[in-house]
Each structure stands twice: as structure tokens, then as C-alpha cells.
Amino acid sequence: MVPMHIGIVGLGRMGANMRARLRDRGVEVTGYDRDPAVSDVPDLTALVAALPADRRVVWVMVPAGAPTRSVVQELGDLLGPGDVVVEGGNSHYTDDQENARLLAERGVRYLDVGVSGGVWGRENGYGLMVGGDPDDVAALLPVFDALRPDGPREEGFVHAGPVGAGHFAKMVHNGIEYGLMQAYAEGYELLSASDLVQDVPGTLKAWSRGTVVRSWLLDLLVAALEEDPRLGSIDDWVEDSGEGRWTVDEAIDRAVPLPVISAALFARFASRQVDSPAMKAVAALRRQFGGHAVRPADGGDGPTPSTTSTPGTTPGPTP
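In this text the structure is predicted, and so the values were computed from the model without any measurement.

Turning our eyes to something else, we now look at the overall build of the protein chain. Scanning the protein chain from terminus to terminus reveals 13 helices and 7 strands. Taking 20 Å as the expected radius of gyration for a compact globule of 319 residues, we find that the protein chain reaches 25 Å, considerably beyond that expectation. Counting only C-alpha atoms and orienting by the principal axes, one finds that the protein chain spans roughly 80 × 45 × 40 Å. Looking at the protein chain residue by residue over its 319 residues, the buried ones come to 38%. Taking contacts inside the protein chain between residues at least 6 apart in sequence as the whole, the part at least 24 apart equals 62%. For the protein chain, the computed accessible surface area is about 17,800 Å², with 56% contributed by carbon and sulfur atoms. Treating the 28 positive side-chain charges of the protein chain as one cloud and the 44 negative ones as another, the clouds have centres 2 Å apart.

See the structure below:
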């Protein structure tokens with residue numbers, strides 16, 4: 001059997017590790033990146049020319065949005081009927097559907113693949129969620145099998161449905177990830193706030209086996225706390241990469257309640273605020289309707305009592 005030979009566009013942390021894992025497992029890979037220090041070829045034209053002419057497969061691993069669209073459009077001009085573009089980044093599923101329509105006009109096939117595994121994927125394998133035509137998926141199974149974790153295929157790979165299904169599944173996966181991380185983080189904070197629990201990292205580590213909350217994310221939190229027990233070297237600003245927002249947007253469009261994932265996303269927004277205009281407004285309202293004390297914005301020593309009252313009202317109980 002002739003070994004597979006594919007191209008990869010984008011050799012950042014994920015792309016470079018995927019190239020290495022594929023090569024380790026017998027798949028020939030030609031990689032292109034704008035950084036010549038890591039690229040195997042000087043440009044996309046050379047990448048396509050290096051691939052087998054009978055069916056060229058190019059896996060795209062660049063940032064979602066305009067960068068992916070640009071690469072797909074350029075590949076559409078370079079590839080021909082029967083060739084396959086695999087979008088393995090984190091594109092929105094509607095972008096996949098548009099990319100597939102664009103390439104179909106040239107006879108080029110398209111698969112979207114949600115890839116999970118992060119920086120550990122080279123060693124542990126990647127969870128793969130694929131969208132596209134069944135024949136195209138079957139043709140690339142040697143590539144998917146090389147990338148996925150060892151063990152039963154169905155525990156690390158799924159053909160989720162037509163084009164768009166792979167990234168839709170990955171979007172929901174990432175939304176769940178938001179909720180899980182937030183739950184672990186809140187538990188960690190509550191344990192840390194208690195005078196009773198004297199070994200917080202040890203408590204979390206004791207949950208690693210036999211408990212219903214054990215998981216790889218928990219293992220990673222334990223590892224982080226073993227390196228820095230109070231996480232003092234890390235700021236509390238938390239970014240979001242987009243998939244959490246998309247998950248919540250889809251839930252709104254489909255009237256599906258997602259209270260946990262939504263709250264986890266909003267918690268990330270709150271982490272970026274030095275001051276909260278909303279909480280200032282709440283404090284001001286409490287002072288207005290109830291005469292409740294507020295803390296001065298200039299960092300004064302104590303709360304400031306209200307000197308105002310709303311006409312026709314008397315201060316009420318503290319809400």
C-alpha cells in the first residue's frame with residue numbers, strides 16, 4: 001500500500017505537532033508556513049506541486065476567519081477536480097459551508113475537522129470531529145487514524161455529518177469546556193477561602209481517581225497548582241477564543257437554555273474589568289432607594305452613607 005502524502009498549511013503549535021505525529025506514524029507530510037524557518041516549501045504553489053497528482057490533500061491549520069478564507073481561495077486556484085481541502089482550524093460552521101460551495105465550483109472536495117488535544121496532541125493524539133461526504137472521509141481514514149488517540153476509533157474520531165458538522169460539534173465541545181473549567185475554578189476558590197481545608201492542591205489531587213469529577217482538565221489544574229500553589233504568577237484576565245460565544249449564539253437562535261456555558265462565558269468577560277460599571281450602577285441604586293452606604297471610588301477608608309433620597313420614598317430593607 002502506498003503511504004499517504006498530504007500537505008499542511010500553518011505550522012504553529014498545533015500544525016507543527018500534527019505534522020510531527022503524522023510523520024511518526026508513516027504519513028508523509030509537506031508543510032508550508034509563512035515562517036521559512038519551519039516551512040518545508042517556499043509557498044502554496046510549491047506545496048501543491050510537491051503532492052501526488054492523483055489526489056492532492058491539503059490540511060489547513062491557520063486562524064479562523066479571513067486568514068482561512070484567503071488560504072482556501074488560493075488553494076481553489078491551485079487544486080483541481082478530486083483534490084481535497086481539509087479545514088482543521090476553528091472555523092465557524094457556516095464558513096465551512098461557504099468554503100465548500102466555493103471549492104465545489106472547481107471540483108475540489110472539502111472536509112471540516114474539529115481538532116481537540118492542544119499542545120499534548122502530538123503525544124496523546126487528537127480528538128477528531130469530521131464533517132463532509134462519506135467517501136471523502138473514508139479516503140482520509142489513514143490520516144485520521146494516525147492523528148487520533150490510540151484505542152478504539154470511535155473513542156477519538158467521529159464522522160459527525162455533512163460539511164459544517166465537524167466544526168459545529170467542536171464548537172459545542174469548546175462550550176462544554178468553558179463550563180467545566182469554570183466549575184473547577186469556582187470549587188478551587190471556595191476551597192481556598194475556607195480555613196478548614198489546609199491542603200487545597202492535595203484535595204483536588206485526591207479527586208483524580210475514583211471520584212465522579214475526575215478528568216484530564218482536573219489533572220491539568222492539579223499540575224498548575226503544584227507548580228504555583230496560589231497561582232500568584234498568573235493574572236486573572238481570561239480571554240475567549242470565540243467558540244464559547246458561538247455556542248451561546250446558537251443556543252439563543254435555537255431556544256436551547258445553556259445557563260452553565262453562558263455564565264462561564266460571562267465570567268470571562270467579568271475577569272477583564274478593572275472596574276464594573278454595572279456594579280457601580282447597582283451600588284448607586286441601593287444608595288438611592290435605600291440609603292445604603294457605598295465605598296468611595298478614590299479608595300477611601302470606609303463606606304460612604306447616602307445623603308440623597310428619592311422623593312416620596314423611605315429607605316427600605318437591604319436587598
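Before going further, it helps to spend a moment on a nonpolar patch on the surface. Residues V119, W120, W216 and L220 make up a contiguous nonpolar surface patch of about 390 Å² in total accessible area. Relative to the assigned elements, L220 resides in helix α10 (residues 216–227). L220 sits in the partly exposed class, given a relative accessible area of 30%.

Pairing between side chains of opposite charge can happen when the charged atoms of each approach one another. This model, assessed by the stated rule, comprises 18 salt bridges. We note a salt bridge from E226 to K205, for which the minimum N-O separation is 2.9 Å. Of the two residues, E226 sits in helix α10 while K205 sits in helix α9 (residues 200–206), which places them 21 residues apart along the sequence. Taking the relative accessible area as the measure of exposure, E226 reaches 48% and is therefore partly exposed. Here the residues in one salt-bridge network are R55, R109, D133 and D136, joined through shared partners.

Turning our attention to the sheet that holds strand β1 (residues 5–9). Spatially, 7 strands are ordered β2-β1-β3-β4-β5-β6-β7 in an open sheet, and the strand pairing comes out mixed. At either margin of the open sheet sits one strand with a lone partner, and together these are β2 (28–32) and β7 (157–161). Looking at each pair of strands side by side, their axes are set apart by 25° on average, direction ignored. As paired strands, strand β4 (residues 84–87) and strand β5 (residues 109–116) are joined by 4 bridges and run parallel to one another. Counterpart to V85 in the pairing with β5 is Y110. Contacts between helix α3 (residues 66–78) and the sheet are confined to β1, β3 (57–60) and β4, with β3 contributing the most and set at about 170° to the helix.

With that out of the way, let us pick up the packing of helix α8 (residues 165–193) against helix α11 (residues 243–253). It is at 8 Å that the axes of α8 and α11 come closest, and there the two elements cross at 105°. Judged on the interaxial angle alone, α11 and α8 are roughly perpendicular. Facing F168, M171, V172, N174, G175 and Y178 of α8, the residues of α11 in contact are E243, G244, W246, T247 and E250. Among the residues making up the contact of α8 with α11, the classes are represented as 5 nonpolar, 4 polar and 2 charged.

The next point concerns the pairing of strand β6 (residues 127–131). Where burial is concerned, most of β6 is hidden: 4 out of the 5 residues are buried. Strand direction decides the pairing type here: β5 and β6, joined by 5 bridges, are antiparallel. Bridge assignment links V113 to a residue of β6, and that residue is V130. Pairing between β6 and β7: 4 bridges, direction parallel. Paired with L128 across the strands is F157, a residue of β7.

Thresholds applied
- Residues numbered from 1 in each chain as written.
- Predicted model: local features only at pLDDT ≥ 70, side-chain atom pairs only at ≥ 80, totals over all residues.
- Heavy atoms only, no water.
- Helix = DSSP H or I, 4+ residues; strand = E, 2+ residues; numbered from the N terminus.
- Rg over C-alpha atoms; globule rule 2.2 N^0.38 Å.
- Buried < 20%, exposed > 50% of the residue type's maximum accessible area, 1.4 Å probe, protein only.
- Contact = heavy atoms within 4.5 Å.
- Areas by Shrake-Rupley, 256 points an atom, 1.4 Å probe, with all protein chains shown as cover.
- Lys, Arg positive; Asp, Glu negative; His and termini not counted.
- Charge placed at Lys NZ, Arg CZ, Asp CG, Glu CD.
- Patch = residues over 30% accessible without salt bridge, like charges linked within 9 Å, V, L, I, M, F, W, Y side chains within 5 Å.
- Salt bridge = Lys/Arg side-chain N within 4 Å of Asp/Glu carboxyl O.
- Pairing = 2+ DSSP bridges.
- Axes fitted to C-alpha atoms, helices over the stretch in contact; angles between N-to-C directions.
- Parallel < 35°, antiparallel > 145°, perpendicular 65-115°, else oblique.
- Nonpolar A, V, L, I, M, F, W, Y, C, P; charged D, E, K, R; others polar.

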